[in-house]
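The lines below spell out each chain.
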Amino acid sequence: MAGFKSVLSHSPSVVTRKTGSEYILVPVTNNIADMTSVYTLNETGAFIWDQIDGKKDVEEIIKAVTLEYDIDIKTAEVDVFAFIENMNSYLIIY
């Protein structure tokens, strides 16, 4: 489980394509795209995805979300941790 000081990275087995303000994530195994497991991120999810860079910790990502969307820290915490938990369950981030 990720904590405030956790630094996360994208899985190297996921290909990302941006379409407008959304992202499409496609898992790849043995150089073959798994088109049955495609994930779409909305604008907020795409913003959080961009923040996950292997350098920023979760606390920094939460602060970036509060600034980008002008929301309170508690709402940002809930949203970011829910996103991380969801992506973690599919092994898209680590």
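Located above this text is the structure these notes cover.
Residues numbered from 1 in each chain as written. Predicted model: local features only at pLDDT ≥ 70, side-chain atom pairs only at ≥ 80, totals over all residues. Heavy atoms only, no water.

Structural notes on helix H3 (residues 73-89)
Given 3.6 residues per turn, any residue in an α-helix points the same way as the ones three and four places further on.
Part 1: With 17 residues, H3 should reach 24 Å at 1.5 Å per residue; the first-to-last C-alpha distance of 24 Å fits that figure.
Part 2: Residues of H3 that are buried: Ala-76, Glu-77, Val-80, Phe-81, Phe-83, Ile-84 and Met-87. Viewed end-on, H3 has its buried residues packed into an arc of 155 degrees, placing them on one side of the element. In H3, the exposed residues that point more than 90 degrees away from the buried face are Lys-74, Val-78, Glu-85 and Ser-89. (Helix = DSSP H or I, 4+ residues; strand = E, 2+ residues; numbered from the N terminus. Expected span 1.5 Å × (residues − 1). Buried < 20%, exposed > 50% of the residue type's maximum accessible area, 1.4 Å probe, protein only. Arc of directions from axis to C-beta.)

Considerations on the packing of helix H1 (residues 43-51) against helix H2 (residues 58-69)
Part 1: The geometry of H1 relative to H2 is characterised by a closest axis approach of 10 Å and an angle of 140 degrees between their N-to-C directions. It follows from the interaxial angle that H1 and H2 lie oblique. Every pair of crossing elements has a handedness; the one defined by H1 and H2 is right-handed. Touching Glu-43, Thr-44, Phe-47, Ile-48 and Gln-51 of H1 are Ile-61, Ala-64, Val-65, Glu-68 and Tyr-69, all from H2.
Part 2: Along the lines of polarity and charge, the residues of the contact of H1 with H2 split into six nonpolar, two polar and two charged. (Axes fitted to C-alpha atoms, helices over the stretch in contact; angles between N-to-C directions. Parallel < 35°, antiparallel > 145°, perpendicular 65-115°, else oblique. Left-handed = near helix turned anticlockwise from the far one by under 90°. Contact = heavy atoms within 4.5 Å. Nonpolar A, V, L, I, M, F, W, Y, C, P; charged D, E, K, R; others polar.)

What about the nonpolar core?
Part 1: Among the nonpolar cores identified, the biggest contains 25 residues, and Leu-25, Trp-49, Val-58, Val-80, Met-87, Ile-92 and Ile-93 are the most heavily contacted of them.
Part 2: It is H3 that provides the largest number of residues to this core, a total of six residues.
Part 3: Among residues more than four places away in sequence, those in contact with Met-87 are Leu-25, Leu-41, Trp-49, Ile-92 and Ile-93. (Core = buried A, V, L, I, M, F, W, Y, C linked by side-chain atoms within 4.5 Å.)

A closer look at unusual backbone geometry
Part 1: Phi at Asn-30 is positive, roughly 55 degrees, even though this residue is not glycine.
Part 2: Looking at the element boundaries, Asn-30 is found in the loop between strand S2 (22-29) and strand S3 (32-33).
Part 3: What makes Asn-30 exposed here is its relative accessible area of 70%.
Part 4: Positive phi, normally seen in glycine, also occurs at Asp-70, with a value near 50 degrees.
Part 5: Within the secondary structure layout, Asp-70 lies in the loop between H2 and H3.

Notes on the packing of aromatic side chains
Part 1: Here the structure, examined in full by the defined rule, presents two aromatic pairs.
Part 2: Here Phe-4 and Phe-81 contribute two aromatic rings whose centre-to-centre distance is 5.3 Å and whose plane-to-plane angle is 90 degrees, an arrangement assigned as edge-to-face. Here Phe-4, found in the segment before strand S1 (14-19), pairs with Phe-81, found in helix H3; they are 77 residues apart in sequence, far enough to count as distant.
Part 3: Classification of Phe-4 by relative accessible area gives partly exposed; the value is 38%.
Part 4: Ring centres 5.6 Å apart and planes at 90 degrees place the aromatic pair Phe-47 and Tyr-69 in the edge-to-face group. Here Phe-47 is found in helix H1, whereas its partner Tyr-69 is found in helix H2, with 22 residues between them in sequence. (Phe/Tyr/Trp six-rings, centres within 6.5 Å; stacked < 30°, edge-to-face > 60°.)

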